[in-house]
Amino acid sequence: MAPLLDVRNLVTRFYTEDGVVYAVNGISYTLDEGESMAIVGESGSGKSVGVMSIIGLIPSPPGKIEAGEVWYTGRDLLKLNQEELRQLRGNEIAMIFQDPMTSLNPVLTVGLQMTESLELHLNMSNAQAKERAVEMLQLVGIPNAADRLEDYPHQFSGGQRQRLMIAMALSCNPSILIADEPTTALDVTIQAQIIELVQKLQKELGMAIIWITHDLGVVAGMVQKLAVMYAGFIVEYGAVDNLYKHTSHPYTMGLLNSIPKVDAKERTRLASIEGLPPDLLMEPKSCPFAPRCTFAVEQCWVENPPLIQVAPAHSAACWRWEAVRSQTTEVGVAA
Amino acid sequence: MTTYIIRRLLIMPITLMGVTFLIFAMMQILGPVERSALYVRDVPKTENQINAIIQRYGLADPVHLQYWYWLVGRRDPQTDEVVGGILRGDLGFSRTGREPVIEMLQRRFPATLELALWSMIPIIVGGIWMGIKAALNHNKPIDQISRIFATLGWSIPTFVLGLLLLLVFYARLGWFAPGRLSTQFALEVTRPGFTQYTKMMTVDALLNLRIDIFLDALNHMVMPIITLAVIQWALLLRVTRSSMLEEMRQDYVRTARSKGLRERTVVNRHIRRNALIPVVTIAGATLAGLMNGVVVTETIFNYPGLGQMAAEAAVTLDVITMLGFALFNGILFIGAYLIVDILYVVIDPRIRLS
Amino acid sequence: MTINTSEAVTPAGRPAGIPLDEGFLRPPSRLEKALGPEWARLIRGIFTNPLSVIGLIIVTGFIVVGLLAPVLAPPPKPGANPYQIPRDGFLPEPKPPGTPWVKNAPYYVPAWYSLTGNEEWVHLLGTTGGQYDIWYALIWGTRTALLAGTAVVVASATIGILVGSVAGYFGGLVDEMLMRILEIFVVFPSLVAVLVLSSILVPIFGRSLWPAMIALIVFGWMGYARLLRGDILSNKQRDYVMAARASGAKDTHIILKHVLPNAMFPTLVFLSLDMGSIVLSFAALSFLGVGVEPGYADWGQIVSFARNYIVSLDTFWYVIVFPAIALLLYGLGWNLLGDAMRDILDPKLRGKIG
Amino acid sequence: MSQENGQKNGPKNGQKNGKEVLVSVNDLKLHFPIMRGVIRRQVGAIKAVDGVSFDIYKGETLGLVGESGCGKSTAGRAILQLLKPTAGEVFFEDRDLTKLGKGDLRRARRHMQMIFQDPQASLNPRLTVGSIISEPLEIHNLGDKNSRKERVQELLRVVGLNPYFISRYPHEFSGGQRQRIGIARALATNPSFIVADEPISALDVSIQAQVVNLLDDLKAELGLTYLFIAHDLSMVRYISDRVAVMYLGKLVELGSRDDVYDRPYHPYTQALLSAIPIPDPDKEARRERIILKGEVPSPANPPTGCRFHTRCQYATEICSQQDPEFRNLGTAVAPHMVACHHAEKFL
C-alpha cells in the first residue's frame, strides 16, 4: 500500500538580505495512514520549515521550495497551485501551533474561528457549523461548550486555548494533523493533559500525526516513527524502538545523552554536545555535524553522508554509523 | 472596562480645569492695564476709563479671586450687575469680529465643521485604502508610491500647498474659487426663501433642494479640502500601512492560512480588522491636525470659519478672541479625546472583556 | 582557577588550536569597534539607504547654505544687519527673476556669481511686493530656520527629557501629576496653542523671533516627555536592569548607564522629525503674520507676501514657488532622515512616533 | 502560620544537621497588590509567595521546581531583595537581608548573585562583554582598571569563552554563549551564593547540557551555593542536592533529591514526576501517567485549605477546610518535609 504522504528530497531555501539560508536540504520521509511520527530537532534545524513547505505555508518571498516531490493521494503537492493547496489545508491536512495565545485571533470570537473552516470546507450552514463546533469543543474537554462560542480567546486559560486549537484543527476530520511543538509553551502537567488528549483523539478519529518537537522525551511513548533533523538534514530516521535502542547517529546519541536520566541511581556527568550548530548561511558541503562530532574522520569533512540503511526501517546519515551503533547498543543509551 | 471609562470620565473635569488654569495663566502674562482693554467694545482711552474697568472687573485683585471672577463673573458693587464669567458665556468682546466672542464662535463654527467633515472623506477613504493596498503589496510599486506620497504629504507645509493649489487651479486654470459661495448665491442664502437649518452650506443647500447652491459650495471647498486632507491622509496611510504589516506577521494569520481560508477572507476578516483597531487611536491626532490646518487653510482661501477668525485675531493681537478660541479648542478636544479613548476600549474585545 | 569545559574530546580532522566555543562569530567592522553596534548600525544604515542619503544630502546642503550665507548673499553694506532683507525700492508689484538690482544691492560681487551668467547683482529669484529680494531672503532665512529650529528643539527636548525622566523614574504620584499636567498641554492642537500664546507674547517682546520660539517651546516638550517616560518605564522592567540591581548598582548608576542610553535612540529619531516640523510651524506663524517684523529674513514671511497676489499668482509664481521649494526640501530632509533612523533602529516603531 | 517550620526559632544560621546553613528563609511572603476600581484601591493581592520557609546549606544546590505562576521566580527575587518581600525574614550568613539599609544591602550583594532565564534580555545590548562582566567590580570598587580587565579575561576563560571576545557585544553571540557571559558576570565578585533563575530553559537541548555542566563544575571549583529554579524536573534532579516543590505560592514538599524523586509524598509532586517525558519508548509505554484535572488556580484567589485540593485525586473534606502543616516525615538528620493531610498514605 502506498503511504499516505510521501516526501521526497525536499529542498527549501530562504533568499534573505544576508544571503541564502539553507533551511531544508533534501529531506525524505513517508507517513502511513493513521500513523504518528515525530520530527525532532533544535531551533534552526529546519523541522518546521520542512513541514510548512509541504502545504505551502512558508512565506514566499523570501522562502522558495527548490526541489522535491510530495505525494499525497496520488498528487504531487508541490505541483498544485495555491488554490488547490488551500482547499487541502485545514480540510485534509490540519495544523496546530506552538503558542496558543498568539495563534488565535484575539479579536474574533472562538465560535467564528471554529466555524469558518467548517463553512468553507464542508459547506455547512452557520447553524450546522455551530453545532459541530460545540461537539468538537466537548470532545476536547471544554466545559459548557455551547455557552463559550461567543467568548474571545483571552477568556480561556493557556491549556484551554491549546484545546481550542486542537478542536479547530480536527473539526474537518483531516487525514493528517501536523502538530508544531504544541506543548512547548505549556506547563508539565498541562503538557501531559494535551498529549493524552491528542492520543485519545487519534484513536477515535484515526488521523495520521506529524509531531514536530525539540524534545526527544516528549514523543518517545507516543509515535511510531522518528526523524531527527540537524541543520536542514534528516540525520536519522526510523521506527522509534530501533532508534532509541540502537542509535546510529552521533547527534541523536548526543541528544539522548544530554538529557539526564530520571531514574539514574548515581550521578554521572551529563554528556553534552560541545560547540554550536552550523551557520545555515553556508552551503553544506561536508557532514554538518562533523565539527561537533567525536566520531568524525577524514571522510566526514569531505563528503556529506546520505541516509544509509542500518537496519530494517532504520537509517542514519553517518559514515561511521557502525561505530556509533555498536557503542550505543553495548552501553545501552536508554537501557 | 467600565471602571476605565469611569476613571476617564472623572479625569475629564480635572483636565478641563487645568485647561482653564492654563488659559487664565496665559492671560496673566498681560498686565491689568492691557487686560482692561480685553473686556469692552471700545479701546479705553483715558486713565479714568481704564481704572473704572479695572475696578469693575476686579483686575487688580489677588490672582485667585481674579480666576474666580473670570470663571463665574463678578458682581459689580456699583451697578449690582454681574459682569464677566466664562461659565456665563461671557468670553469677552471680539474686536476682530465686532461682536461678543461667544456669538462669533457660534456663528463661525458650522463653516469650519463643514470643511472638517468633508475632509474626513478623502482622509479616511484614501488613507485607509492606500495603507491597506500598500501593505498587501509590500515593496511593490504601489507600496513605493504610497510611501513617497506619505513622506511628501507629511513634509509639505499647509500654507505652501494651499498657495500652490491657488496658483494652479484658481489663478491659472480657474477651476475652483476661494471663499464660501459665489456672489450670485451669497445673497440668496440669506433671503427668506432659503432656510439655514445647520448653517453648513452644502447640507442646507440639499435640505432646500438647491443642487446649484450645493455644487457651488462644494466647488469652493475643493481646494481647502485637499489642502486640509493631504497631511492627515499621509499620516493615516502611514499608520494603517505599518499596522497592517505588523498584523500580517502575527501567528494567528498563519493559523488562518493553515485552515485553508481564502486569501480574501484572511485579509478581510483576520488581518484588516485587527489592523484597524490601533488606527482608531490616531483619530484624535487627526482631528487636532485638522484644526491646525483649518487656521492656515481658511486664511488662504478666505473661508469664513473659526480658523480665519483666529488668524485675523492673532495678527491684530486681539487677545480675548484668541483666548476664547483656545478655550473652545480645549473643550472640543477634551471631548474628542475622551470619545476616542472610550471607542478604543469598546472596539477591542481584549480590553472590553477584561 | 581553570576549568576545562571542552572535555577531552577533540573531533578528528578539525584544525587544532581553535577554542571550542568560538562558533562562527564574525569579526566586527572598524565602525562597530569604534562606535558600538547601535551607532554602527545606525550610521551604516543611514549611508546605505538611498532615501536617508537624500535626506542627509538635503540637510547638509541647508547647513552649508546657512554657513556660507555671507558669501552667497552679502548684505548691502559691510556690517549691516544681515537678517534685514535689502529692498530695491518700494513698488508694490513683485519683479520676476533676472530683474537688475538698482538700490541696496549686496556690497560686492562674489566670485561664484559669474556662474549665474551675470556680472552685476540681479534679483536671481525675483522680488516680492515691496521689493524684498527673494534669493537673499531664502539664503538668510536658512540661517534663521536652522538657528531658531535648533534652539526650540534643544530647549523643548531638554524640558521634555527632564519631565519624562522624573515621571518615569519616580513613578507613582509624581508621575501621575506630571502626566495630568502634560495632558492639559496636549489637549490643544499644537498650532492653535502656539498661535494663541505667541499672539499674547507679541505685545511684550515686540515683533521678533522670541514670541514664536517661546510658544513653540512651551507647547513642544510633551512629545519628548512621553517618549522618555515610556522608554524608562519599559527599560526599568528589563532583565539587565534587574541584573545591575542584583550586582548592587545604585539608582543613579542604573539610570545613567542602562536606562537613559537605551532611551537615547528613539529620542534621536523624534529630534530629527521635530527639527523639520518646528521650522514648518514657525513658518506657518510667520505666514499668518504672528512673527518677525516685516523685512526679517524668514521663509514664512516671504511666503506671506504671496497672499497679496492670490488672483495673479500665475504671473507672480516666483513669489510662492521658490520659498515653497525651500520649505518642502527642509521638511523632507529631516523627515527622510528621521524615518530612516526609525526604520533602522526598530522596525516595529514604524509609524508610531512622529 | 501553618507552614511554620518547627526547626526555625532559635539562632538563625549556623550549624544545623551537621551542615552549615548559608541562607535561611523564614515565612517569606510576597504579595502583589491588585489595584482595581476608579481610584485604584487595593482590592486584593496576588499571593505569589505566601509563607515559604527553607534553609540552604553551604555548598549545596537546592532545586526549586514548580509550574509557571507558582511563585518560584518571585521567591528567588524576593530572597535576593530584588523584589521587596511583604513579610518574612531572609538570613544570609548572619544578617537578615530584609532589615538591611539600602547601602548595606548594596554592599551585601557582592556575595549573592543571580543568573537570569533569558540571556538575551539580561545583557544590556549597548555594552561590551567586557563592561558587562566588569560592572559588578566597578560597582563594588574592586581593583583598578587593569586588574579588572585581567579578571574579566580570566572569567571568560572560566566560562569557556575566548578572552579575546572582551570587546564584543552580546548580540554577536549565540544563546548558550550569552548565558556563559551572564554566568561570568554573576561570578565576577566572587559571590558565595547564586540564584539561578531557569538558566537553561531558553536554550536548545544540546546547549542545555553544556551550561549545566559548567554550573556544576563552577560549584565544585569555587565552592558555590546555588538556588536552582527550574520547571524541568529531570534537570533539577540532575543538578540538585535537595529539591523543593512549590505550588501556588507555597512549598508542598522539600527533601533530599532521592527522597523527593524516589519517594514523593505529595500528590502534586507525584503528578509532576509522572509527567516527566522519558526518552525511552518502552518505559514511556509502560508507565502510568497521573493526569491532573484542570489548571493551576489563580494566585489572586487560591483555593481554601490545601491549595492543591481542587486538582487532587486523594482530596477529602479536610483538604478543602484545613491548610495542611508543612511537616517532617523524614528523619531529624535528613528531613523530608511535606504539606499534605494524607501523606502517610504514601509512606
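Residues numbered from 1 in each chain as written. Chains lettered and ligands numbered in written order. Predicted model: local features only at pLDDT ≥ 70, side-chain atom pairs only at ≥ 80, totals over all residues. Heavy atoms only, no water.

Engineer: For this particular structure, what's the right way to read the overall build of chain C?
Structural biologist: When helices and strands are tallied, chain C shows 13 helices and two strands. Within chain C, the fraction of its 354 residues that count as buried is 56%. Here the analysis covers contacts within chain C between residues at least 6 apart in sequence; of these, 72% occur between residues at least 24 apart. Only carbon and sulfur atoms are counted for the fraction: they give 67% of the accessible area of chain C, which is about 14600 Å². (Helix = DSSP H or I, 4+ residues; strand = E, 2+ residues; numbered from the N terminus. Buried < 20%, exposed > 50% of the residue type's maximum accessible area, 1.4 Å probe, protein only. Contact = heavy atoms within 4.5 Å. Areas by Shrake-Rupley, 256 points an atom, 1.4 Å probe, with all protein chains shown as cover.)

Engineer: How should the overall build of chain D be read in this particular structure?
Structural biologist: Regarding its fold elements, chain D presents eleven helices and 13 strands. Against the compact-globule benchmark of 20 Å for 347 residues, chain D has a radius of gyration of 21 Å, which places it among compact chains. Dimensions of chain D, computed from the C-alpha atoms along their principal axes, are close to 65 × 55 × 50 Å. Going through the 347 residues of chain D one by one, you find that 62% of them count as buried. (Rg over C-alpha atoms; globule rule 2.2 N^0.38 Å.)

Engineer: Teacher, can you tell me more about the sheet that holds strand 6 (residues 93–96) of chain A here?
Structural biologist: Each strand in a sheet pairs with another by means of backbone hydrogen bonds, the pair being arranged parallel or else antiparallel. All names here are of chain A. Read across the open sheet, the eight strands follow the order 6-7-8-3-9-10-12-11; overall the sheet is mixed. Either end of the sheet is taken by a strand with one partner, and the two such strands are strand 6 and strand 11 (308–311). The average undirected angle you get between the axes of adjacent strands in this sheet is 20 degrees. Of the strand pairs in this sheet, strand 10 (residues 233–239) and strand 12 (residues 314–316) are connected by three bridges, and their pairing is antiparallel. Within strand 12, the residue paired with Glu236 across the bridge is Ala316. Here helix 5 (residues 158–170) sits on the sheet in contact with strand 6 and strand 7 (176–180), set at roughly 175 degrees to strand 6. (Pairing = 2+ DSSP bridges. Axes fitted to C-alpha atoms, helices over the stretch in contact; angles between N-to-C directions.)

Engineer: Teacher, can you tell me more about the state of the cysteines here?
Structural biologist: A disulfide bridge is the covalent bond that connects two cysteines by way of their sulfur atoms. Here the structure, examined in full by the defined rule, presents zero disulfides over all chains. Here Cys287(A) stays free of any disulfide, with the sulfur of Cys300(A) as its closest cysteine sulfur at 5.9 Å. (Disulfide = S-S within 2.5 Å.)

Engineer: Where do I start with helix 7 (residues 158–172) of chain B in this structure?
Structural biologist: Because an α-helix completes one turn every 3.6 residues, residues spaced three or four positions apart along the sequence face the same direction. Taking 1.5 Å per residue, 15 residues should reach 21 Å; helix 7 of chain B reaches 20 Å between its end C-alpha atoms and fits that length. Its axis deflected by about 30 degrees at Leu166(B), helix 7 of chain B carries its strongest bend there. Buried within helix 7 of chain B are the following residues: Thr158(B), Phe159(B), Val160(B), Leu161(B), Gly162(B), Leu163(B), Leu165(B), Leu166(B), Leu167(B) and Ala171(B). On its buried face, helix 7 of chain B is in contact with helix 10 (211–248) and helix 13 (283–300) of chain B together with helix 11 (251–288), helix 12 (299–305) and helix 13 (317–345) of chain C. Following helix 7 of chain B by one or two positions, Gly174(B) has its phi on the positive side, about 65 degrees. (Expected span 1.5 Å × (residues − 1). Bend = angle between axes of the 7 residues up to and from the residue.)

Engineer: Before we go on, may I ask you to explain the nonpolar core in this structure?
Structural biologist: For soluble globular proteins, nonpolar side chains are generally found buried alongside one another. Of all hydrophobic cores here, the largest spans 181 residues; its most connected members are Ile23(B), Phe159(B), Leu163(B), Trp135(C), Leu195(C), Phe219(C) and Trp299(C). Top element by residues in this core is helix 5 (residues 134–170) of chain C. It accounts for 15 residues. Contact partners of Trp299(C), with chain neighbours within four places excluded, come to Phe62(C), Ala137(C), Leu138(C), Gly141(C), Thr142(C), Ala145(C), Val279(C), Ala326(C), Leu327(C) and Tyr330(C). Membership of the second largest hydrophobic core comes to 108 residues, among which are Leu80(A), Ile96(A), Ile190(A) and Tyr230(A). (Core = buried A, V, L, I, M, F, W, Y, C linked by side-chain atoms within 4.5 Å.)

Engineer: In this structure, what is going on with the pattern of salt bridges? I would like to understand it.
Structural biologist: Pairing between side chains of opposite charge can happen when their charged atoms approach one another. Residue and element names in this part refer to chain C. Taken as a whole and judged by the stated rule, the model has 48 salt bridges over all chains. Where Asp175 meets Arg229, a salt bridge forms, and the shortest distance between an N and an O atom there is 2.6 Å. One end of the pair, Asp175, is in helix 6 (residues 172–187); the other, Arg229, is in helix 9 (residues 222–236), with 54 residues separating them in the sequence. The class of Asp175 is buried, set by a relative accessible area of 10%. The exposure class of Arg229 is partly exposed, given its relative accessible area of 21%. Residue Arg342 is joined to Asp339 by a salt bridge in which the shortest nitrogen-to-oxygen separation is 2.5 Å. One end of the pair, Arg342, and the other, Asp339, are both in helix 13, three residues apart, so they sit about a helical turn from each other. For Arg342, a relative accessible area of 2% corresponds to the buried category. (Salt bridge = Lys/Arg side-chain N within 4 Å of Asp/Glu carboxyl O.)

Engineer: What is the right way to look at the interface of chain A and chain D in this model?
Structural biologist: Each side of the interface is counted separately: chain A has 47 residues, and chain D has 42 residues. Interface area for chain A against chain D, summed over the two sides, is near 3800 Å², with a carbon-plus-sulfur share of 54%. Our enumeration of links across chain A and chain D arrives at eleven residue pairs in polar contact (both at pLDDT 80 or more). Only helix 5, helix 6 (188–205), helix 7 (216–219), helix 8 (240–245) and helix 9 (250–257) of chain A provide two or more residues apiece to the side of chain A that touches chain D. The residue inventory of the side of chain A that touches chain D, partitioned by class, reads 20 nonpolar, 14 polar and 13 charged. (Buried area = accessible area lost by both parts, 1.4 Å probe. Polar contact = N/O pair within 3.5 Å; in protein donor to acceptor, adjacent residues only side chain to side chain. Nonpolar A, V, L, I, M, F, W, Y, C, P; charged D, E, K, R; others polar.)

Engineer: In this structure, what is going on with the interface of chain B and chain C? I would like to understand it.
Structural biologist: Interface size, as often reported, equals the accessible area lost upon joining of the parts. Listed by partner, the interface residues are 54 residues for chain B and 54 residues for chain C. Linking chain B with chain C are three salt bridges. A salt bridge links Asp339(C) to Arg238(B), with the nearest nitrogen and oxygen atoms 3.0 Å apart. Elements with a minimum of two residues in the side of chain B that touches chain C: helix 1 (2–28), helix 6 (141–155), helix 7, helix 10, helix 13, helix 14 (306–315) and helix 15 (319–347) of chain B. At ten residues, the largest contribution of residues to the side of chain B that touches chain C is made by helix 15 of chain B.

Engineer: Got a minute to help me understand the pairing of strand 10 of chain A in this structure?
Structural biologist: The two faces of the sheet receive side chains in turn, since in a regular strand these alternate between them. All names here are of chain A. Burial within strand 10 is extensive, with six of its seven residues counted as buried. Looking at chain direction, strand 9 (residues 225–230) and strand 10 are connected through six bridges and run antiparallel. Bridge assignment links Val228 to a residue of strand 10, and that residue is Glu236. Linking two consecutive strands that pair antiparallel, namely strand 9 and strand 10, is a turn of two residues; a positive phi of about 50 degrees is found at Ala231 within it.

Engineer: In this structure, what is going on with the environment of Thr227(B)? I would like to understand it.
Structural biologist: Residues and elements named next belong to chain B. On the secondary structure map, Thr227 appears in helix 10. On the accessibility criterion, Thr227 (1% relative accessible area) is buried. Taking the C-alpha atoms as reference points, Thr227 and Leu164, 63 residues apart in sequence, are found 9.7 Å from one another. If we skip the residues at most four places from it in the chain, Thr227 touches Thr158, Leu161, Gly162, Leu165, Thr297 and Phe301.

Engineer: When you look at helix 13 of chain B in this model, what are you seeing that I'm missing?
Structural biologist: Residue and element names in this part refer to chain B. In a regular helix each residue adds 1.5 Å, so 18 residues correspond to 26 Å; helix 13 covers 25 Å between its end C-alpha atoms and thus fits that length. The sharpest bend along helix 13 reaches about 35 degrees and sits at Val294. Where burial is concerned, most of helix 13 is hidden: 15 out of the 18 residues are buried. Positive phi appears at Asn302, one or two residues downstream of helix 13, with a value of about 50 degrees.

Engineer: Sorry, what's going on with the sheet that holds strand 4 (residues 63–72) of chain A here?
Structural biologist: Residues and elements named next belong to chain A. Ordered in space as 2-1-4-5, the four strands form an open sheet in which the pairing is antiparallel. What marks the edges here is a single partner per strand, and that holds for strand 2 (19–31) and strand 5 (75–76). Bridge analysis of strand 1 (residues 5–16) against strand 2 gives ten bridges, and the strand direction is antiparallel. Of the residues in strand 2, the one forming a bridge with Val11 is Asn25. Lying over the sheet, helix 1 (residues 47–54) contacts strand 1, strand 2 and strand 4, oriented at roughly 110 degrees with respect to strand 1.

Engineer: Can you walk me through the confidence of the model for chain D in this structure?
Structural biologist: Low pLDDT means the predicted coordinates in that region are not meant to be read closely. All names here are of chain D. Averaged over all residues, the pLDDT of chain D is 87; the fraction at 70 or higher stands at 95%. For the stretch residues 1–11, pLDDT sits under 50, and the model shows 26 contacts to residues farther than four places along the chain or on other chains. Confidence estimates for the predicted assembly give a pTM of 0.86 and an ipTM of 0.83. (pLDDT = per-residue confidence, 0-100.)

Engineer: I'm lost on the environment of Gly238(A) in this one. Help?
Structural biologist: Residue and element names in this part refer to chain A. Positionally, Gly238 belongs in strand 10. For Gly238 and Ser315, which are 77 residues apart along the polypeptide, the C-alpha to C-alpha distance reads 6.1 Å. Among all residues touching Gly238, those that are not within four sequence positions of it are Gln224, Lys225, Leu226, Leu243, Ala313 and His314.

Engineer: Could you clarify how one ought to interpret the packing of aromatic side chains in this entry?
Structural biologist: Remark: the centre distance and the inter-plane angle together describe each pair of aromatic rings, the angle taken between the planes. Residues and elements named next belong to chain C. All chains considered together, the criterion is met by 45 aromatic pairs over all chains. Measuring from centroid to centroid gives 5.8 Å for Trp112 and Trp135, while their planes differ by 45 degrees, and the two rings are tilted. Of this pair, Trp112 sits in the loop between strand 1 (99–100) and strand 2 (122–123) while Trp135 sits in helix 5; the two residues are 23 residues apart in sequence, bridging distant segments of the chain. When the ring of Tyr309 is compared with that of Phe316, the centres are 5.2 Å apart and the planes differ by 70 degrees; the resulting orientation is edge-to-face. In this pair, the class of Tyr309 matches that of Phe316, namely buried. (Phe/Tyr/Trp six-rings, centres within 6.5 Å; stacked < 30°, edge-to-face > 60°.)

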